[in-house]
Amino acid sequence: MTKNKVIITAGQHRNEKGAQILAPLVAERLRKLGYKVKLFENPEKRTPRQIGLEAFREERKIEEKELEKILYQWEDRLYWRYRKFPILNFLYRKVSIFNLHDDTINPTEFVLEEELREELESIEAVYESFDLGDFKGDNLAHKVKFSVGGGKDITIEIPTISQTSLPEDQLEVLEKVFENPCSKNPAKTLFEIYCSYLLDTDIEETKRQGFLSQKMVEILAKGIDYLIKNEYNLE
Ligand SMILES: [Zn+2]
């Protein structure tokens, strides 16, 4: 019998450092459960904030296309590689793709507590929840969002604590660099729409809350195992 193949991606958003820490541990856990796991890390190592500050030093503004590339392109391309071409789709149909992201659960200078609550409610309304076995009803497990998109890859949002604000001088600089209007919402600048990607995960605080623990590794591996066994992502 061939082993189920699992692809885990981490680092599409380089500011989300929790996912990058957990991804290799989850991959290792799944290998022990008998899966063949491939871990892909975004080759871009700079955070959106570092990219913005570099653009400022180069005296240029970030264009919307460039920002979209930073925020989406790498995972989209990987998805295309494994899913969109009929021949690859045939060859790789037994491959499940899981994209690991951080999900900031604390209010920051860019996200109000109320918005966080609304977001949580809308996500809970859209996505299916499922049985996590031993972790059913577990407080930590319930903070993880397994987002199953219509037959596409699966996004796993890991709860994390974000830095709460940008240093004053960087805030000013980054507002300038990202001041182009957002085409989907021309009344707002790119900065206003995407500013939360400019704050990095506070690793120490995230660790303190238990979000980077071995238990979290177990919850993520268990969730992936469950989804595969229940054919959520297999065509
Ligand atoms: Zn993300």
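See above for the structure.
Residues numbered from 1 in each chain as written. Predicted model: local features only at pLDDT ≥ 70, side-chain atom pairs only at ≥ 80, totals over all residues.

**Q** Please clarify how the pairing of strand β7 (residues 185-189) should be interpreted in this entry.
**A** With 0 of its 5 residues buried, β7 lies for the most part at the surface. By the bridge criterion, 2 bridges tie strand β6 (residues 181-182) to β7 in an arrangement that is antiparallel. Paired with Pro181 across the bridge in β7 is Thr189. From the end of β6 to the start of β7, which pair antiparallel, there are 2 residues. (Buried ≥ 20, exposed ≤ 12 C-beta atoms within 10 Å, placed from the backbone. Helix = DSSP H or I, 4+ residues; strand = E, 2+ residues; numbered from the N terminus. Pairing = 2+ DSSP bridges.)

**Q** Would you mind showing me how to read the pairing of strand β5 (residues 154-160) here?
**A** Looking along a regular strand, one sees the side chains alternate between the two faces of the sheet. Among the 7 residues in β5, 7 count as buried, and that is most of the element. A two-sided burial pattern is seen for β5, the buried positions comprising Ile154, Ile156, Ile158 and Thr160 on one face and Thr155, Glu157 and Pro159 on the other. Note: strand β3 (residues 95-104) against β5, 7 bridges, orientation parallel. Bridging across to β5, His101 finds its partner in Glu157. Relative to β5, strand β4 (residues 145-148) runs antiparallel, the two being bridged by 4 bridges.

**Q** Just to check I follow, could you spell out unusual backbone geometry for this structure?
**A** The phi torsion of most residues other than glycine is negative, and most of the peptide bonds are trans. Backbone geometry at Glu59 places phi at a positive 55°, although glycine is not the residue there. In this structure, Glu59 sits in the loop between α2 (48-57) and α3 (64-83). On the neighbour-count criterion, Glu59 (7 C-beta atoms within 10 Å) is exposed.

**Q** Sorry, what's going on with the sheet that holds β5 here?
**A** Read across the sheet, 5 strands follow the order β2-β1-β3-β5-β4 without closing on themselves; strand pairing throughout is mixed. If you trace the sheet from one side to the other, it starts and ends with β2 (36-41) and β4, each paired once. Between one strand and the next, the sheet's axes are offset by a mean angle of 25°, whatever the strand orientation. Seen against the sheet, helix α1 (residues 17-32) touches β1 (5-10), β2, β3 and β5 and runs at an angle of roughly 165° to β1. Across the sheet, helix α9 (residues 214-229) lies against β1, β3, β4 and β5, angled at about 160° from β5, the strand it touches most. (Axes fitted to C-alpha atoms, helices over the stretch in contact; angles between N-to-C directions. Contact = placed C-beta atoms within 7 Å.)

**Q** How should the nonpolar core be read in this particular structure?
**A** Considering soluble globular proteins, one finds that nonpolar side chains tend to be buried as a cluster. Counting 32 residues, the largest nonpolar core has Ile8, Leu22, Val26, Leu100 and Leu220 as its most contacted members. If you list the elements that add at least two residues to this core, you get β1, α1, β3, β5 and α9. For this core, the element with the highest residue contribution is α9, accounting for 8 residues. Not counting residues within four places of it along the chain, the set of residues in contact with Leu100 comprises Ile8, Thr9, Ala10, Ala19, Leu22, Ala23, Ile156 and Ile158. In terms of nonpolar packing, the next biggest core, distinct from the first, is built from 14 residues, Ile62, Leu166, Leu190 and Leu199 among them. (Core = buried A, V, L, I, M, F, W, Y, C linked by C-beta atoms within 7 Å.)

**Q** Explain the packing of α1 against α9 here, please?
**A** For any two helices packed against each other, the geometry comes down to the angle between their axes and how far apart the axes lie. Here α1 crosses α9 at 60°, and the two axes come no closer than 9 Å. Put simply, α1 runs oblique to α9. You can see that α1 and α9 cross each other, and the crossing is right-handed. Residues Leu22, Leu25, Val26, Arg29 and Leu30 of α1 lie in contact with α9, whose contacting residues are Met216, Val217, Glu218, Leu220, Ala221 and Ile224. Classifying every residue of the contact of α1 with α9 by side-chain character gives 9 nonpolar, no polar and 2 charged. (Parallel < 35°, antiparallel > 145°, perpendicular 65-115°, else oblique. Left-handed = near helix turned anticlockwise from the far one by under 90°. Nonpolar A, V, L, I, M, F, W, Y, C, P; charged D, E, K, R; others polar.)

**Q** How do you make sense of the environment of Thr9 when you look at a structure like this?
**A** Its place among the elements puts Thr9 in strand β1. Among the residues examined, Thr9 registers 23 C-beta atoms within 10 Å and is labelled buried. When the C-alpha positions of Thr9 and Leu78 are compared, they lie 9.0 Å apart, and in sequence the two are 69 residues distant.

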